[in-house]
Amino acid sequence: MLDTLLGLVPIIFLLLLIAASIYILAYGETDERLCIVAAVISSIATWLAANDGPAWYREEIGIFVVDVATLIAFIAIMARSTRFWPLWITALQTIAVMTHVARFLKPQTVPMAYAFAEQLWAYVVILILIVCVRQQQLRNASTSSTNS
């Protein structure tokens, strides 16, 4: 049962990422679009960089490098943005990077805990982007109806 559920996690993430990408690219502003593009590139690179063999049973150096590169991208977006939400996304990506550091310092960490702690933040980042785009749509609609 657990193996079946764990097998669905990548499929659920892929569907969420595709749906969010379509929505954000269609309705988002520049910062949201840059973040979702970074998230998509990061997701593809993570898949390519993952260790062969049983996942998460040893340090994921390749995924660590991808996560650091993604953090740098989010920092750049945050630095140029006038909005507050990029700070949240950057903070979440920092947690993902620090999860790797914790694993490097304590290799006996339970593989499932490492995997969960590492992957959770990608879902939260995507959900934040969806909410931000929706909130901006509502603000724009409110402003246009007030100005009419």
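Throughout this document, residue positions are counted from 1 along each chain, in the order its sequence is written. Given that this is a predicted model, residues contribute local features only at a pLDDT of at least 70 and side-chain atom pairs are listed and counted only at 80 or more, while totals for whole chains, interfaces and linings are drawn from all residues. Where side-chain values are given, they derive from all heavy atoms of the structure, hydrogens and water being excluded.

(A) Just the overall build of the protein, in detail. Strands here mean DSSP runs of E at least two residues long; helices mean DSSP runs of H or I at least four residues long; both are numbered from the N terminus. When you go through the protein residue by residue, the secondary structure sums to 5 helices and 0 strands. For the protein, the N- to C-terminal ordering of α and β elements is α-α-α-α-α. Along the first, second and third principal axes, the C-alpha atoms of the protein reach 60 × 35 × 20 Å. Any two residues whose heavy atoms approach within 4.5 Å at even a single point are treated as in contact. Expressed as a percentage of contacts within the protein between residues at least 6 apart in sequence, the contacts between residues at least 24 apart total 67%. On the protein, roughly 8,900 Å² of surface is accessible, and the fraction owed to carbon and sulfur atoms is 73%. Residue burial considers only the protein chains on display, and all accessible areas are found by Shrake-Rupley using a 1.4 Å probe.

(B) Layout of the nonpolar core. Only buried Ala, Val, Leu, Ile, Met, Phe, Trp, Tyr and Cys residues count toward a nonpolar core, and they belong to the same one when joined by side-chain atoms within 4.5 Å. Remark: exposure states derive from per-residue accessible area (1.4 Å probe, protein chains only) relative to the maximum for the residue type, with buried under 20%, exposed over 50%, and partly exposed in between. If you look at the biggest cluster of nonpolar residues, it comprises 19 residues, and the most contacted ones within it are I36, F74, I89 and L129. Counting only elements with at least two residues in this core, the list comes to α1 (2–27), α2 (30–49), α3 (61–80), α4 (85–105) and α5 (111–147). Excluding anything up to four places from it in sequence, I36 contacts L17, A20, S21, I24, L25 and L129.

(C) Spotlight on the packing of aromatic side chains. Geometry of aromatic contacts follows a simple scheme: Phe, Tyr and Trp rings, the Trp one being its six-membered ring, pair when their centres are within 6.5 Å, and the pair is stacked under 30 degrees between planes, edge-to-face over 60, tilted otherwise. Throughout the structure, instances matching the rule amount to 4 aromatic pairs. A centroid spacing of 5.2 Å and a plane angle of 75 degrees characterise the contact between F13 and Y123, whose relative ring orientation is edge-to-face. Of this pair, F13 sits in helix α1 while Y123 sits in helix α5, and the two are 110 residues apart along the sequence. Since its relative accessible area comes to 15%, F13 is described here as buried. Centroid distance F64 to F104: 5.1 Å. Interplanar angle 80 degrees. Geometry classified as edge-to-face.

(D) Region of interest: the environment of A96. Turning to its location among the elements, A96 is positioned in helix α4. Along the primary structure A96 and E118 are separated by 22 residues, whereas in three dimensions their C-alpha atoms are 5.3 Å apart. Residue contacts for A96: discarding those within four places in its chain leaves D67, E118 and W121.

(E) Quick peek at a nonpolar patch on the surface. The patch calculation keeps residues exceeding 30% relative accessible area without a salt bridge and links them within 9 Å when they carry like charges or within 5 Å when they are nonpolar (Val, Leu, Ile, Met, Phe, Trp, Tyr). A pairing counts as a salt bridge when a side-chain nitrogen of Lys or Arg comes within 4 Å of a carboxyl oxygen of Asp or Glu. A grouping of L8, I11, I12 and L15 is seen on the molecular surface, where their side chains present a nonpolar patch of about 380 Å² in accessible area. Mapped onto the elements of the fold, L8 is located in helix α1.

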